[in-house]
Amino acid sequence: MIARKTRHPVLDRLRWPIGLTRAGMLAEQVTRGFWPVWSVVLAVLGALMLGVQDLVAPWVVWTIAVLAALAVLVFVLRGLWRFHWPHRAEAIERLDRTMPGRPIQAVLDDQVIGAEDAASRTVWQAHQMRMQTRARMARAVRPDLRVSARDPFGLRYMALLTFLVALLFGSLWKVSSVSELTPGGVAHAAAGPSWEGWVEPPSYTGLPVLYLADIAEDAFAAPSGSRITLRLYGEPGAFDVSESLSSAPLPQTNEPTSEGYDFTLEQSGELSIDGQGGRRWQITMLPDAMPEIDATGPAETSALGAFTMPFSARDDYEVMMARATITLDLDRVDRRYGLSMDPEPRPQIDIDLPLPVARNRQDFEEVLIEDFSEHAWANLPVTITLSAEDAAGNIGTSPAHEIDLAARHFFDPMAAAVIEQRRDLLWNRDNAGRVAQVMRAMTHRPEGLFKRETNYLRMRFILRRIEALSAYGVTDEQRDEIAEALWELALQLEEGTLADALERMRQAQERLSEAMKNGASDAEIARLMEELRQATRDYMQQLERQFAQENRGNQTDQPDQGQRDENTMTMTQDDIQRMMDRIQELMEQGRMAEAQQALDEFQQMMENMRMTEGQGGQGQSPGEQAMEGLNETLREQQGLSDQAFRDLQEQFNPGARAGESQGNEGRSGGQGRGQSHEGQGGQGQGQDGEEQGGGGQSGPGGQDLGQSLADRQQALRRQLEQQRGALPGAGTEEGDAARDALDRAGRAMDGAEDALRRDDLPGAIDKQAEAMENLREGMRNLGEALAQGRRDRNQGQQGQNPENFAGQGQTDPLGRNLKGQIGDGENMLQGEDVYRRARDLLDEIRRRSGEQTRPEEERNYLERLLDRF
């Protein structure tokens, strides 16, 4: 019926769906009949674009070409034989089959039965109208272009992939090289065989790779150690390669291959490729210069007794490592008294020199800072030799400098004598008898020699210890133990205790106050003021040393807390200096009453500091105890994270730990002590790992000698849970924020434990970092809660005793006290303003340090501030 009626008004309205369906049927016939043809064409074209014809013999190319042409001819004939041109009636039939009820066929049908009956015609017309409406909704049939049944191995996709790869990495110009394979071809006669060559400088030079075919000159230069690669294409014997650049002769090859030659540039010479289209170059080798390093100033002793020596280093590319080697200069030693014996063998001192982190290492200056005060060679003649190594392994050394190993000097006669006996004992343990004899003479009549009786008793104890050990021989451990005891005794004799320093400062304050009351001369007041300055400096230094001794070994595990304590001490010294400058200024102006008032405030501030220090760890409030416990937890978590990171390094690079000490730069651009930026970086937990649980050695399987990292993480999680339960400040906003932060830290610890048990070290490190961040946030919130509580208490005390705070509310717009009064300004910023202001200041410093238009001196100062804080 459809074949007889292909013209109808309904069909005219469906001409687009019918036409698209017919085109799809045509596409099906072409795809199914000729897919092998375009598969073969794409595969051959892709191979030609990739230059395969240049890599094989010509007969192979022609054989493949003939086979490909035959395959295309066969597939074309086969496709034509099976090809069927789709008719319009077939397209209408396919379109009609896609709709329910075959509406197109129904529209084209005629009524045969009941045509004379009016009711029957009415029904028929209604049926026709319904079918026409349904036919108008026809849509073109999607063609079925799948040929997977005819190509079960996916050969068409392989051909398409080859062509796409050729489009990305090949070139259409290479297709024309097929004409060179024809007998007598013009291109073949002109070009002949081909070759390629590259000169690749060492990676540390940063120089680009040279392509020999692009070098028009006959001579050029290349760095020493450059790798020269040649690739030859064509018939065997087409080229003859010779070179005088390396020490090893080139291998001889007789096979047509693209392997070519690889050798290293070791000397200047000639490289030639003899043959049709060959080249010849004179290559000059640029030698890798030895790095240079030397001291730029004398070795000196810093205020705290540290050895300092500036040095400079340079290299034509980059200095990778620098070291200082110190040996005892026995010929210059004054061989008298305890040094008359031959010294015990001691290894030379090897120290990694600090290198720049952000700056270029091609030419730089740095400062070596190391404390040798406790070494056996302290203040003795030594020779120091500096060495630098570049990436090529060249090592340059400086001349040997004859110096004295600068270390701390002791000015108290008794302390200096103790240090001398300590040096003699370390020089040779056979001096133990002589040391005991001298110390017995020193303690024979102790009246007036010792400021404190405990120092005398301590020396007598050390004396009896030496006498007891010398009778049976002193071991290395016993010698070091006695040397450490003598060092601590000398420090006590030289500096005294914190109470001694405070007493000297109080006496200086009293003498200055008495002089001001009695109308002393300006010269006398200036002398007493300088005495007060010196006593105050001694007290602050002693306070800092005591703080460092009490917290020794904890700075590595708690870098943030250590940095905060250091900054607080620096700010206190600055405040004290400004207050004393103000006192002296008032006295010079003759304003003695105001100067006396400022001195009274200074005495009160120092007394408060003494009371705070005297409390030590006794009588701490619950908040301070909680803060101390969280500090300990943070240190232990840092130690676990460091251990997990070292285990991860060992998994992927067993030699990683050997290079951990390479980045031993200090914070202030070279003023380090052979340590990394965050404490004792390269050493990990080696010094106190057994006590803190953060270091220790690792055994097989990533476990410590005591217990696994996962078990330690679990124990730390339980400890944090106990601390969170006893946390003060419940019901306050800051206290609740601290609890929430610690709860997040606990969940992160649980995740770290689970990752450790699954040997997922990267995941564990991420969770541990999250736990430490939440711990720090909790500590900040707890600190704000404690500070808020103190402010509330101070406000209550101020309401009860207003006379104690008279005048403190009278400040200028900058927060400074009026009427010449000096205050500590602790109320200028309160609460969250402290942290906000600190962040704003750091952001402003970073912004200004990045502005290249500012003077270099200002930018260097800003960078030092950033390194400090």
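Predicted model only: the values in this text are computed from it and were never measured.

Okay, the overall build of the chain next. Looking only at helices and strands, one finds 23 helices and 17 strands in the chain. Going through the 869 residues of the chain one by one, you find that 37% of them count as buried. Total accessible area on the chain is roughly 49,200 Å²; 53% of this is exposed by carbon and sulfur atoms.

On the basis of which strands lie adjacent, the open sheet formed by four strands has the order β3-β8-β7-β5 and mixed pairing. Among the strands making up the open sheet, the edge pair consists of β3 (219-223) and β5 (239-243). When strand polarity is set aside, the average angle formed by the axes of neighbouring strands in this sheet is 20 degrees. In this structure, β3 lies alongside strand β8 (residues 280-286), joined through five bridges in parallel fashion. Of the residues in β8, the one forming a bridge with Phe220 is Ile283.

For the rest of this paragraph, the subject is the pattern of salt bridges. Summed over the entire model, instances satisfying the criterion amount to 40 salt bridges. Asp352 is the partner of Arg323 in a salt bridge, and the nearest nitrogen-oxygen pair spans 2.5 Å. Taken together, the residues Arg323 in strand β12 (residues 319-328) and Asp352 in strand β13 (residues 349-352) connect sequence positions 29 residues apart. The partly exposed category is assigned to Arg323, whose relative accessible area is 26%. Ionic pairing is found between Glu402 and Arg332, a salt bridge with its closest N-O pair at 3.7 Å. With Glu402 in strand β17 (residues 401-404) and Arg332 in the loop between β12 and β13, this pair connects stretches of sequence that are 70 residues apart. One salt-bridge network, in which partners are shared between bridges, spans Glu344, Arg429, Asp476, Arg479 and Asp480.

The next subject is the packing of aromatic side chains. Tallied over the entire structure, the rule returns six aromatic pairs. Between Trp195 and Trp281, the aromatic rings sit 5.9 Å apart at their centres with planes inclined by 75 degrees, giving edge-to-face as the arrangement. Of this pair, Trp195 sits in strand β1 (residues 194-200) while Trp281 sits in strand β8, and the two are 86 residues apart along the sequence. A relative accessible area of 12% means that Trp195 is categorised as buried. Among the residues examined, Trp281 registers a relative accessible area of 0% and is labelled buried.

Inspection of the secondary structure puts Asp329 in the loop between β12 and β13. You can call Asp329 buried: its relative accessible area is 10%. Those residues in contact with Asp329, other than ones at most four positions away along the chain, are Pro381, Val382, Thr383 and Glu402.

This part is about unusual backbone geometry. Residue Tyr337 is not a glycine yet carries a positive backbone phi of 55 degrees. On the secondary structure map, Tyr337 appears in the loop between β12 and β13. Taking the relative accessible area as the measure of exposure, Tyr337 reaches 52% and is therefore exposed.

Let's shift gears to the packing of helix α10 (residues 432-442) against helix α11 (residues 453-470). Where α10 meets α11, the closest approach of the two axes is 9 Å, and the angle between their N-to-C directions is 150 degrees. With respect to each other, α10 and α11 are oriented roughly antiparallel. Helix-helix and strand crossings are classified by hand; for α10 and α11 the assignment is left-handed. Residue-level contacts link Ala432, Gly433, Val435, Ala436, Met439, Arg440 and Met442 of α10 to Met459, Arg460, Ile462, Leu463, Ile466, Glu467 and Ser470 of α11. Looking at the contact of α10 with α11 residue by residue, the classes come out as nine nonpolar, two polar and three charged.

Looking now at the side chain of Asn431. Examined against the element boundaries, Asn431 turns out to sit in the loop between α9 (413-427) and α10. Setting aside its immediate chain neighbours within four residues, Asn431 contacts Gly338, Met341 and Asp424.

Looking now at the nonpolar core. Counting residues in hydrophobic clusters, the biggest one holds 32 residues, and the most contacted among them are Ile293, Phe307, Ile326, Leu353, Ile384 and Leu405. Taken together, the elements giving at least two residues each to this core come down to β11 (307-314), β12, β13, β14 (363-370), β15 (381-390) and α9. Residue contributions to this core peak at five residues, all from β12. If we skip the residues at most four places from it in the chain, Ile384 touches Phe307, Met309, Ala324, Thr325, Ile326, Pro399, Ala400, His401 and Ile403. Leu648, Met749, Met772 and Met779 belong to the second-largest nonpolar core, a separate cluster that totals 27 residues.

Attention shifts here to α11. Given a rise of 1.5 Å per residue, 18 residues ought to cover 26 Å, and the 26 Å separating the end C-alpha atoms of α11 matches this to within 8%. Regarding α11, the residues found buried are Asn455, Met459, Arg460, Ile462, Leu463, Ile466 and Leu469.

The next thing to look at is the confidence of the model for the chain. Overall, the prediction assigns the chain a mean pLDDT of 75, with 75% of residues at 70 or greater. Averaged pLDDT values over the elements of the chain bottom out at 36 in helix α18 (residues 689-692) and peak at 94 in β15. Long-range and interchain partners of residues 253-258, a stretch whose pLDDT sits below 50, account for nine contacts in this model, where long-range means more than four residues apart.

Now for the sheet that holds strand β4 (residues 227-233). Read across the open sheet, the four strands follow the order β2-β1-β4-β6; overall the sheet is antiparallel. Of all the strands in the sheet, the pair left with one neighbour each is β2 (210-211) and β6 (261-264). Note that β1 and β4 share seven bridges and pair antiparallel. Paired with Trp198 across the two strands is Thr229, which belongs to β4.

Between helix α2 (residues 15-49) and helix α3 (residues 58-82), whose axes approach to 8 Å, the crossing angle comes to 170 degrees. Between α2 and α3, the crossing angle belongs to the class labelled roughly antiparallel. Here α2 contributes Gln29, Gly33, Phe34, Pro36, Val37, Val40, Val41 and Val44 to the contact with α3, which in turn contributes Ala68, Val72, Phe75, Val76, Arg78, Gly79, Leu80 and Arg82. Along the lines of polarity and charge, the residues of the contact of α2 with α3 split into eleven nonpolar, three polar and two charged.

A contiguous nonpolar surface patch, about 760 Å² in accessible area, is contributed by Leu50, Val52, Leu55, Val56, Leu161, Val165, Leu168 and Phe169. Position of Leu168 among the secondary structure elements: in helix α7 (residues 155-169). On the basis of relative accessibility, which here comes to 67%, the residue Leu168 falls in the exposed class.

For Leu842, the position within the fold is in helix α22 (residues 832-849). Taking C-alpha positions, Leu842 is 9.1 Å from Leu865, a pair spaced 23 residues apart along the chain.

A word on the environment of Gln128. Looking at the element boundaries, Gln128 is found in helix α6 (residues 118-135). Take Gln128: its relative accessible area is 10%, and that puts it in the buried class. Taking the C-alpha atoms as reference points, Gln128 and Ala106, 22 residues apart in sequence, are found 7.1 Å from one another. Once residues within four sequence positions are removed from consideration, Gln128 is found in contact with Ala106, Val107 and Asp109.

Turning to the environment of Trp38, a few remarks are in order. Along the polypeptide, Trp38 turns up in helix α2. Between the C-alpha atom of Trp38 and that of Phe75, which follows or precedes it by 37 residues, the distance is 9.6 Å.

Parameters at a glance
Residues numbered from 1 in each chain as written. Predicted model: local features only at pLDDT ≥ 70, side-chain atom pairs only at ≥ 80, totals over all residues. Heavy atoms only, no water. Helix = DSSP H or I, 4+ residues; strand = E, 2+ residues; numbered from the N terminus. Buried < 20%, exposed > 50% of the residue type's maximum accessible area, 1.4 Å probe, protein only. Areas by Shrake-Rupley, 256 points an atom, 1.4 Å probe, with all protein chains shown as cover. Pairing = 2+ DSSP bridges. Axes fitted to C-alpha atoms, helices over the stretch in contact; angles between N-to-C directions. Salt bridge = Lys/Arg side-chain N within 4 Å of Asp/Glu carboxyl O. Phe/Tyr/Trp six-rings, centres within 6.5 Å; stacked < 30°, edge-to-face > 60°. Contact = heavy atoms within 4.5 Å. Parallel < 35°, antiparallel > 145°, perpendicular 65-115°, else oblique. Left-handed = near helix turned anticlockwise from the far one by under 90°. Nonpolar A, V, L, I, M, F, W, Y, C, P; charged D, E, K, R; others polar. Core = buried A, V, L, I, M, F, W, Y, C linked by side-chain atoms within 4.5 Å. Expected span 1.5 Å × (residues − 1). pLDDT = per-residue confidence, 0-100. Patch = residues over 30% accessible without salt bridge, like charges linked within 9 Å, V, L, I, M, F, W, Y side chains within 5 Å.

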